Amino acid sequence: MAKIRHNNILDTVDSVLSVSKKKGIIHLHAEDQALNGQHLTLNGQKVLHFGTCGYLGLEHHPAVKRGAIDAIERYGTQFPMSRTYISNPLYSKLERMIETMYNAPVVISKNCTLSHLTTIPSIIHQSDLVILDHQVHASVQEAVKKLLSQGVTVEMVRHNNLEMLEDRIKKQRSKFERIWYMADSVYSMYGDFAPIPEMIALAEKYEQLYLYVDDAHGMSWAGKNGTGYAMSQMPDGLYRKMILTANLGKAFGACGGLSLFPNEEWYNKVNNFGGPLTFSVQIEPATLGAAIASAKIHLSDEIVGYQEELQKKIAYFNTLLRQTDLPLVHESESPIFFIGTGTMDMGNYLVQALLQDGIYVNLATFPAVPAKNIGVRITISLTNAYEDIEELVHKLNVHFHRALSETYQTLAHIRKAFKLAAPTTAVAVQADSAETPGANTGTVLNRYTTIEAIDAALWNKYLGHRGMFDWEGMRFLEASFRENKEQENNWGFRYYTVEDPQGKPVLVTFAAVALLKEDMFAQSSISRALERERENNPYYLTATGIVLGTLFTEGNHLYLDRESPYWKEALKALLAELSSEQEEQNAGSILLRDLDANDPELDEFMVEQDYVKLDLPESCVVENLNWSTEAEYRKTLSKKGRENFVQKIKRNEHFYDVVVKDRLPEEELLHAMALFKNVKNNNFAINNFLFPDKLFHLLNESDAWEFIVLYIKAEYSINRKPVAVGFCHKNAANVYSFMLIGMDYDYLMEYGVYRQMLYQVLKRANALQCEKVNFGISATLEKKKIGATPYPKVGYHQSKDNFTMEMIGATYAVEKE
């Protein structure tokens, strides 16, 4: 069958960032004629700068600037040669100084990203296992992705979870020569630390375990000679089984990446031919000169004074924050702070309000953090005065509580999203703050757990005419997916209506709470690999989720009156209810599926509610049934469609006896179920669990369902069993839905079974004088040929964290389909 469209992560990130760009809080340009690190001029306004990674302000140190100027005057603006041949004279001087600082051999690259691309492929063997910390920096992950195509096995563990790491070591150590755990020393979003001593202890316990640590955000402000946080945790020097990377940018004040090695063997291997070292340009003389000047500061007592003063400012900021109820995600001695906002809507509002009030901070959004864990990232540097920090906390507190009210958020909800405890002491809260989410608009949300509680006429008016999920269809599904022996086939049904102040429905929808496969919309090659794992562990990488509609139904399951002035409030009320349901059911994710792809207004709204847009399979529909003869039908087709009909469908039609049945005999029903399993086992376009046997038996008893059965005629085959069965539903609104198919693959190619079934479904719907045929998803090209129109669909997804899908993406290479 034809492949479905799969989501491109770049498109997702683009949709997220486009909202913030539109609001004027990212992709800004500083307008200053000169910079000092304390202020920036943005949009014509002078603001305090709390977004720098230059934690010590060394980029403005007179000696560092003079070092850059002197280097240009002596060596020019560049040294345009590969380092394989000749290096700029300043390289050897800088290398000696860095080796003195760390007491370890070093390879210097143009930046940290190139350090990883230089080092990781040079050191990791095909016989090694790489285990990534979930939050390790994207530059490390990108370097590791290149190993997948070389056959290197990659896994991922939850952030700083050494128990999970040890469990993977125990299970995998017999299969691999070495196991590499890759982590940051100081994490760039939350400012928390890796447990370096505990990691070393684990590496001592398991000789196969090696460590790769990125200390880009820990350098200069911590450690002896500013060698960083990781080195501050290793009093005896660089650990014998650790490769450490560090940054000559950020707090160091220049630019460049360091790869530090515990032995000469690894150093020589990377230095001789470390990929980008050979084919990338060298660091510019000005940057080398600045780095040498900064290294002199690091090797002097001057660095100690800077470190101590920064720690005082960090401590002062922590003290002021404790006097508020702001949800600080992690309190530490690092210069990086993160205040949770929960939704992007609130994050955008808060950053925008602070910017207008003279404070610049960073918005931290997906994919740098999980979609439910949006917030503002604040950095403290030596260039921030104490009175600046006081102003920051005051304005942050004021605008945070205003943002709560304006974006219908609550502090309790944010703390729950970040798993933060309530404040232990009473704190001052702004008078204009509100713990209730915004003003009461007068909309009313109703929640039901059975379709029986909803008036059939109301349901069918707003949703029932769209497909098989009319009122009777929902009764059928409730009966089919309850009291089954398999846990995956027991669904919780939820029905929601939201009414405006006059009692008119603004929103009507339903959802299922069910066990999902985490790879449901992953590439088929990934699902096939996971299914091999599930042969021994059936519930591997599965979790409870909430899905708009159900895993059986297809189509737009959401009625939303976009003409109503209350539609956004109604949708927010639904999302809040789904979030509560998620907590109550301990569901890992929420998926709003099968919505129209070309709806930029809804895109922006959902992004601000922290939902990630996903491309979903196209939904195929035939709406032109105004024909009564085959000749008239052919005229509705395109030229290619007519050729396909003659060559691939009409030519084979004489092989078949086509029978429409209201009921199947027991033996034939069991055969039809086996045929359906054939299709399920051969198609991973959407990977979900096999439906329960009960569903097929109830379907066989329902007056709303019928079967289109294809037999090969006796003169062509001795097989008297069906070679294909179409499971079809007709609702009261005259909509025919081709829901399931079972096929005998021995006859698929020779007799064109699938194409024949599509045509026979269309003929049956026409004979019944139906107004529309829902042909479902996947196999879009074949359905287009018989006259179906594909409608692009999207979903909006939110999970408690990004871990599972990132782990799947990190672990399983995407094979060519």
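Note that this is a predicted model, so its numbers are computed, not measured.

Peer 1: Tell me about the overall build of the chain, and please be specific about residues and values.
Peer 2: Across its full length, the chain holds 28 helices and 26 strands. Against the compact-globule benchmark of 28 Å for 817 residues, the chain has a radius of gyration of 31 Å, which places it among compact chains. Seen through its C-alpha atoms, the chain measures out along the principal axes to roughly 95 × 65 × 50 Å. A total of 817 residues make up the chain; the buried ones form 58% of that total. The contacts in the chain between residues at least 6 apart in sequence include a share of 76% that link residues at least 24 apart. Surface exposure of the chain reaches about 33,700 Å², of which carbon and sulfur atoms provide 49%. Averaged over its 83 positive side-chain charges, the chain has a centre that lies 5 Å from the centre of its 101 negative ones.

Peer 1: Before we move on, could you go through the sheet that holds strand E8 (residues 242-247) and cite the residues and values that matter?
Peer 2: What links the strands of a sheet is backbone hydrogen bonding, and the strands pair in either a parallel or an antiparallel sense. Taking strand neighbours across the sheet as the criterion, the 7 strands line up as E3-E9-E8-E7-E6-E4-E5 in an open arrangement whose pairing is mixed. Both outer strands of the open sheet, strand E3 (106-109) and strand E5 (153-157), are each paired with one neighbouring strand and no more. The sheet shows a mean angle of 20° between the axes of neighbouring strands, taken without regard to direction.

Peer 1: Explain the pattern of salt bridges residue by residue, including any values.
Peer 2: For the structure on display, the rule yields 41 salt bridges. Notably, a salt bridge pairs Lys 23 with Glu 608, separated by 3.3 Å at the nearest N-O pair. Of this pair, Lys 23 sits in the loop between helix H1 (9-22) and strand E1 (39-42) while Glu 608 sits in helix H20 (residues 600-608), and the two are 585 residues apart along the sequence. Residue classification places Glu 608 among the buried residues on the basis of a relative accessible area of 10%.

Peer 1: Outline the packing of aromatic side chains, listing residues and values.
Peer 2: In this description, an aromatic ring pair is defined by two values, namely the gap between the centres and the angle between the planes. Counted by the stated rule, this structure contains 35 aromatic pairs. An angle of 70° between the planes, with centres 5.5 Å apart, marks the rings of Tyr 316 and Tyr 386 as edge-to-face. Taken together, the residues Tyr 316 in helix H12 (residues 302-322) and Tyr 386 in helix H14 (residues 386-406) connect sequence positions 70 residues apart. Owing to a relative accessible area of 25%, Tyr 316 belongs among the partly exposed residues under this scheme. Among the residues examined, Tyr 386 registers a relative accessible area of 27% and is labelled partly exposed. On the numbers, 4.8 Å between centres and 85° between planes, the contact of Phe 655 with Tyr 716 is edge-to-face. Remark: Tyr 716 occurs in the loop between strand E22 (705-712) and strand E23 (724-730) and Phe 655 occurs in the loop between helix H22 (639-653) and strand E21 (656-661); sequence separation between them is 61 residues. The class of Phe 655 is buried, set by a relative accessible area of 16%. Put simply, the rings of Phe 476, Phe 481, Trp 491, Phe 493, Phe 552, Phe 676, Phe 691, Phe 696, Trp 705, Phe 707 and Phe 727 touch in pairs and so form one group of aromatic residues. The cationic tip of Lys 517 hangs over the ring face of Phe 689; the distance from NZ or CZ to the ring centre is 4.9 Å.

Peer 1: Describe in detail the packing of helix H3 (residues 89-102) against helix H11 (residues 285-298), supporting the description with residues and values.
Peer 2: For the pair H3 and H11, interaxial distance at closest approach is 10 Å and the crossing angle is 30°. Classed by the angle they form, the pair H3 and H11 counts as roughly parallel. Read as a crossing pair, H3 and H11 show a hand that is left-handed. Note on element contacts: H11 touches H3 through Pro 285, Leu 288, Gly 289, Ala 291, Ile 292, Ala 295, Lys 296 and His 298, opposite Leu 90, Tyr 91, Lys 93, Leu 94, Met 97 and Met 101. A breakdown of the residues in the contact of H3 with H11 according to their chemical character gives 10 nonpolar, 2 polar and 2 charged.

Peer 1: Got a sec to walk through the pairing of E22? Specific residues and values, please.
Peer 2: Summarising burial for E22: 8 of the 8 residues are buried, a large majority. Residues Trp 705, Phe 707, Val 709 and Tyr 711 point to one face of E22 and Glu 706, Ile 708, Leu 710 and Ile 712 to the other, with burial holding for every one of them. As defined by bridge partners, E21 adjoins E22 across 6 bridges and the pair is classed as antiparallel. Looking at the pairing, Tyr 656 lines up with Ile 712 of E22.

Peer 1: Summarise the packing of helix H4 (residues 112-123) against helix H9 (residues 264-272); cite the residues concerned and give the values.
Peer 2: Describing two packed helices takes the angle between their axes plus the distance from one axis to the other. Running from N to C, H4 and H9 point in directions that differ by 120°, and their axes come no closer than 9 Å. Regarding the angle of H4 to H9, the classification is oblique. For the pair H4 and H9, the crossing hand works out as right-handed. In this structure, H4 uses Thr 118, Thr 119, Ser 122 and Ile 123 to contact H9, whose residues at the interface are Trp 266, Lys 269 and Val 270. Counted by class, the contact of H4 with H9 contains 3 nonpolar, 3 polar and 1 charged residues.

Peer 1: An account of the pairing of strand E20 (residues 612-622) is needed here, citing residue identities and associated values.
Peer 2: When you tally the buried positions in E20, you get 9 out of 11 residues, the bulk of the element. Direction of pairing for E20 relative to strand E25 (residues 772-777): antiparallel, over a ladder of 4 bridges. When the sheet's bridge partners are listed, Val 622 is paired in E25 with Val 773.

Peer 1: Help me get a handle on the environment of Leu 42, residues and values and all.
Peer 2: Its place among the elements puts Leu 42 in strand E1. We classify Leu 42 as buried; its relative accessible area is 6%. Separated by 10 residues in sequence, Leu 42 and Asp 32 have C-alpha atoms that sit 8.3 Å apart. Not counting chain neighbours up to four residues away, the residues in contact with Leu 42 comprise Leu 28, His 29, Ala 30, Glu 31, Val 47, Leu 355 and Tyr 360.

Peer 1: Please give an account of the confidence of the model for the chain that cites residues and values.
Peer 2: Looking at the chain as a whole, the pLDDT averages 91, with 94% of positions reaching at least 70. In the model of the chain, helix H28 (residues 803-811) stands out as the element of lowest mean pLDDT, 56, in contrast to strand E7 (residues 209-214), which has the highest, 98. Scored below 50 in pLDDT, residues 1-7 makes 29 contacts in the model with residues more than four places away or belonging to other chains.

Peer 1: Which residues make up the side chain of Ser 332, and what are the values?
Peer 2: Assignment of secondary structure puts Ser 332 in the loop between H12 and strand E10 (336-342). In this structure the side chain of Ser 332 is engaged in a polar contact, spanning 3.2 Å, whose partner is the backbone oxygen of Gly 191.

Peer 1: Talk me through the sheet that holds E10; I want residue IDs and the actual numbers.
Peer 2: If you walk across this open sheet you meet the 3 strands as E10-E13-E12, and the pairing is antiparallel. Both edges of this open sheet fall to E10 and strand E12 (362-364), since each of them pairs with a single strand only. The average undirected angle you get between the axes of adjacent strands in this sheet is 30°. As paired strands, E12 and strand E13 (residues 374-379) are joined by 3 bridges and run antiparallel to one another. Looking across to E13, one finds that Asn 362 is bridged to Arg 377. Sheet contacts for H12: E10 and E13; angle to E10, the most-contacted strand, approximately 25°.

Cut-offs applied
Residues numbered from 1 in each chain as written. Predicted model: local features only at pLDDT ≥ 70, side-chain atom pairs only at ≥ 80, totals over all residues. Heavy atoms only, no water. Helix = DSSP H or I, 4+ residues; strand = E, 2+ residues; numbered from the N terminus. Rg over C-alpha atoms; globule rule 2.2 N^0.38 Å. Buried < 20%, exposed > 50% of the residue type's maximum accessible area, 1.4 Å probe, protein only. Contact = heavy atoms within 4.5 Å. Areas by Shrake-Rupley, 256 points an atom, 1.4 Å probe, with all protein chains shown as cover. Lys, Arg positive; Asp, Glu negative; His and termini not counted. Charge placed at Lys NZ, Arg CZ, Asp CG, Glu CD. Pairing = 2+ DSSP bridges. Axes fitted to C-alpha atoms, helices over the stretch in contact; angles between N-to-C directions. Salt bridge = Lys/Arg side-chain N within 4 Å of Asp/Glu carboxyl O. Phe/Tyr/Trp six-rings, centres within 6.5 Å; stacked < 30°, edge-to-face > 60°. Lys NZ or Arg CZ within 6 Å of the ring centre and 35° of its normal. Parallel < 35°, antiparallel > 145°, perpendicular 65-115°, else oblique. Left-handed = near helix turned anticlockwise from the far one by under 90°. Nonpolar A, V, L, I, M, F, W, Y, C, P; charged D, E, K, R; others polar. pLDDT = per-residue confidence, 0-100. Polar contact = N/O pair within 3.5 Å; in protein donor to acceptor, adjacent residues only side chain to side chain.

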